[in-house]
Amino acid sequence: MFKLRYSSTSPFVRKVRVVSIETGQEKDIELIKTVTADPNCDIGKDNPLNKVPALVLEDGSSLYDSHVICEFLDSRPGGGKFFPANGPARWTALRQEALANGMADAGVLRMMETRRPAGEQSPAWIIRQKLKMDQGLDQLERDAPHFAPGFDIGLMTIAIVLDYFDFRFKVEGWRNSRPALAKWHEAISARPSLKSTLPFE
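Everything numeric in this text was worked out from a predicted model, so none of it was measured. (Residues numbered from 1 in each chain as written. Predicted model: local features only at pLDDT ≥ 70, side-chain atom pairs only at ≥ 80, totals over all residues. Heavy atoms only, no water.)

### Examining the nonpolar core
As a rule of thumb, nonpolar side chains are buried together in soluble globular proteins.
(1) Moving on: Core analysis: the biggest nonpolar cluster contains 51 residues, and Met156, Phe165, Leu181 and Trp184 have the highest contact counts within it.
(2) Moving on: Sorting the residues of this core by element identifies β1 (2–6), α1 (11–22), β3 (54–56), α2 (66–75), α3 (88–114), α4 (123–143), α5 (153–169) and α6 (179–188) as the ones contributing at least two each.
(3) Moving on: Broken down by element, the residue count for this core peaks at eleven residues, all from α5.
(4) Moving on: If we skip the residues at most four places from it in the chain, methionine 156 touches Lys15, Val18, Val19, Cys70, Phe82 and Phe151. (Core = buried A, V, L, I, M, F, W, Y, C linked by side-chain atoms within 4.5 Å. Buried < 20%, exposed > 50% of the residue type's maximum accessible area, 1.4 Å probe, protein only. Helix = DSSP H or I, 4+ residues; strand = E, 2+ residues; numbered from the N terminus. Contact = heavy atoms within 4.5 Å.)

### What to know about unusual backbone geometry
(1) Moving on: Note the cis peptide between valine 52 and proline 53, where omega equals 5°.
(2) Moving on: Of note, proline 53 is situated in the loop between β2 (29–33) and β3.
(3) Moving on: Although it is not a glycine, asparagine 50 sits at a positive phi angle of roughly 60°.
(4) Moving on: Its location among the elements puts asparagine 50 in the loop between β2 and β3.
(5) Moving on: Unusually for a residue other than glycine, aspartate 65 sits at a positive phi of about 85°.
(6) Moving on: Aspartate 65 gets classed as partly exposed once you look at its relative accessible area, which sits at 44%.

Structure follows, in structure tokens:
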């Protein structure tokens, strides 16, 4: 039995959970709720960067970073679904994952900055992160008509970051000027693994 150090709001944890469901490994993973902001949190023993997700293996060692954990799970029996073999499809999927990961990073950093006391916030930092989010959304709108069919690591991460933006920044209405991306997201969101792992507090 593996142990997943998780948060119900993290888009990076959600990637791991979706892969575990899609590869039939969800039953092999115990979820350990982890609040990294708690000064008494012991996440550092499983991830020295004090971040979730961290996957504790049966021998007590751990893997961290969502990409590493997802690739590990996909390499196990039942996997082979999320990381295309060498060739154009692989590089497209990894590029899409990198873009969506960066957008998620920007969203998390922006959200955390707005939670600091007003006198300590950096408006310029918030604007900088929002620019990354918006530029990423605009690129995905251009790319959406050319998305491949199926559900690989890139498309999964795109779906997850869009849900995260709905969760944290719904009032900004990313769909308003991005109809192709919105149409794709509506269709992919029917997938059971995505419906059952939506973020919540």
